[in-house]
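Residues per chain, in single letters:
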Amino acid sequence: MERILLVLWIFSSAAFAEGDEKLWPEDKPKNFCLDPTFATNNENLAKEHPGDERLVKLVALRSGLCNLVLKNIVPLNTAIDIFDAEKENEMQKRLQEGQTNKGDIVL
């Protein structure tokens, strides 16, 4: 289960991706805020698991940060840092509480 968490964390760290040339000089990652499919998928996860406060919190945080990025209020790299820090924090809490058993939602 820890491997699954690690793999998900690695692949999801580009939750907002695409941005500043200084941060990503070679291939710019894709800005997932521009893809409505990702927002819909996240909202559906929150609808399916409304009792999972951590999941709902991360979905709301992502939505709010994407809104600020799209309005050019917050730079993309700042939004990425905020989201990644909060996601890491929530994953650590979940691991400490032993909620990573089979069948639980993985952030």
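Every chain begins its residue count from 1, and numbering advances along the sequence as written. Local features are withheld for residues below a pLDDT of 70 in this predicted model, meaning they are given only at 70 or higher, and side-chain atom pairs are given and counted only at 80 or more; totals for whole chains, interfaces and linings count all residues. Values reported for side chains reflect all heavy atoms of the structure, with hydrogen atoms and water molecules removed beforehand.

1. So, helix α4 (residues 76-96)
The following threshold applies: A run of H or I in DSSP becomes a helix once it reaches four residues, and a run of E becomes a strand once it reaches two; helices and strands are each numbered from the N terminus. For a helix, the expected span equals 1.5 Å multiplied by the residue count minus one.
Spanning 21 residues, α4 covers 30 Å between terminal C-alpha atoms, matching the ideal 30 Å at 1.5 Å per step. Backbone geometry just after α4 places Gly-98 at a positive phi near 70°.

2. With respect to the pattern of salt bridges
Pairing of side chains with opposite charge becomes possible as their charged atoms draw close. Our working definition: Whenever Lys or Arg places a side-chain nitrogen within 4 Å of a carboxyl oxygen from Asp or Glu, that contact is recorded as a salt bridge. When accessible area is computed with a 1.4 Å probe and restricted to protein chains, residues below 20% of their type maximum are described as buried, those above 50% as exposed, and intermediate ones as partly exposed.
For the structure shown, the criterion picks out 6 salt bridges. When the shortest N-O distance is used, the salt bridge between Arg-94 and Asp-52 registers 2.7 Å. Linking Arg-94 in helix α4 with Asp-52 in the loop between α2 (36-48) and α3 (53-70), this pair joins segments that are 42 residues apart in sequence. One exposure class covers both Arg-94 and Asp-52, and it is buried. The partner of Lys-93 in a salt bridge is Glu-90, and the shortest N-O contact between them spans 3.8 Å. With Lys-93 and Glu-90 both in helix α4 and 3 residues apart, this pair spans about one turn of that helix. Owing to a relative accessible area of 31%, Lys-93 belongs among the partly exposed residues under this scheme. Under the relative-accessibility criterion, Glu-90 is labelled buried at 2%.

Honestly, it's all geometry; don't read function into it.
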